[in-house]
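Spelled out, the chains give:
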Amino acid sequence: MNRTRMHGPAAPGLARRVALAAVAAALALGLAGACGGTGEGDGDGAGASASPTARASSPPPSAGSPSSPGASSPAAASGSDGRPAPGLTGIGASDGRVLGQGELDRAVLADGDVTGFRVGPMDGPPPGGESADTSRCEPLTAVINGRPEPRAKAVAYRQIVGARDGTPAVSEFLTAHGTQDATSLVNRLRAAVENCADGFTASGGDGPSAYQGVKRLTAADAGDDTLAYQVTGDFEGTPVPLVFQVLRVGGTVATFYTADFEGTVTPGMPAALLTAQAAKLR
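Description of the structure in this document. Quantities reported herein were computed from a predicted structural model and do not represent experimental measurements. (Residues numbered from 1 in each chain as written. Predicted model: local features only at pLDDT ≥ 70, side-chain atom pairs only at ≥ 80, totals over all residues. Heavy atoms only, no water.)

### Overview of helix α4 (residues 179-195)
Along an α-helix, a turn takes 3.6 residues, which lines up residues three or four apart on a common side.
Then comes step 1: An ideal rise of 1.5 Å per residue puts 24 Å on 17 residues; α4 measures up with 24 Å between its terminal C-alpha atoms.
Then comes step 2: Along α4, the positions that sit buried rather than exposed are Ala-182, Leu-185, Val-186, Leu-189, Ala-192 and Val-193. Seen from one end, α4 has its buried residues packed into an arc of 125°, which puts them on one side.
Then comes step 3: On the buried face of α4, the contacting elements are α3 (138-144), β9 (213-217), β10 (225-235), β11 (238-249) and β12 (252-259). (Helix = DSSP H or I, 4+ residues; strand = E, 2+ residues; numbered from the N terminus. Expected span 1.5 Å × (residues − 1). Buried < 20%, exposed > 50% of the residue type's maximum accessible area, 1.4 Å probe, protein only. Arc of directions from axis to C-beta. Contact = heavy atoms within 4.5 Å.)

Written as structure tokens, this is what we have:
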């Protein structure tokens, strides 16, 4: 994958390793193109893209939705896995309705929702982004661009970092669709993970990108449907594992992304983040 210019808040006082992890997180919501604009509202311009320009750290304590054949288990998440705060109140998204922007903003993870993590806003992705050179892999690049398809009616983007040392660094975008489109989004991604297992190429952004492979991971057990997968990109000749966990509750989809520039092990995704987000959507 091409080296992309990354934009997003970095946790203060982090050493190079942590700063790179934060940059990787910024990837997930606007990376594929460069610096982002504003983030919440129209479903078309908020988020960040997850251009595979990041290396992986220790993987998450994922648990999950029925693991499919070939699903891999990532390593345990580094640092604190955290736990959802007691008494999280759901927005009532289980009925499948399309949440409005105000409801989405109340439902997305916030500071205090998961112990051991800080949550802050994140800029939306820039216009454009990447397009896969084969249509069967297009759902993957749509997520990398920070704009899952079908397009959302409303969207909120957040950056999440471990409160102790800034790791792990995770990006989230929460998107409102309605049950039919939300189900289609997850199913299309699931098919793309299988169809693009041998890798794919993409065009756009700063130039052509190469993704070496895609594989299914074990997903956290939360919500109505979950999907976890890794896309292995390339950063100046080095394999870069990017991990995505997708959670659906009714017609709303939460996409979490993490990466780490400091290694080639599948990075971890704290399951508590998905559990807390599901609780706020119920």
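### Things to note about the nonpolar core
Then comes step 1: One finds Ile-160, Phe-256, Leu-273 and Leu-281 to be the most contacted residues of the largest nonpolar core, which totals 34 residues.
Then comes step 2: Those elements that place two or more of their residues in this core are α2 (101-107), β3 (117-121), β5 (154-162), β6 (169-176), β11, β12 and α5 (271-281).
Then comes step 3: Ranked by residue count, the leading element in this core is α5, at 7 residues.
Then comes step 4: Not counting residues up to four positions away in its chain, the partners in contact with Leu-273 are Leu-109, Val-114, Phe-117, Ile-160, Val-170 and Phe-256.
Then comes step 5: One finds Met-122, Ile-144, Val-155 and Ala-202 within the second-largest nonpolar core, a separate group that totals 31 residues. (Core = buried A, V, L, I, M, F, W, Y, C linked by side-chain atoms within 4.5 Å.)

None of the figures reported here should be taken as evidence of function without further support.
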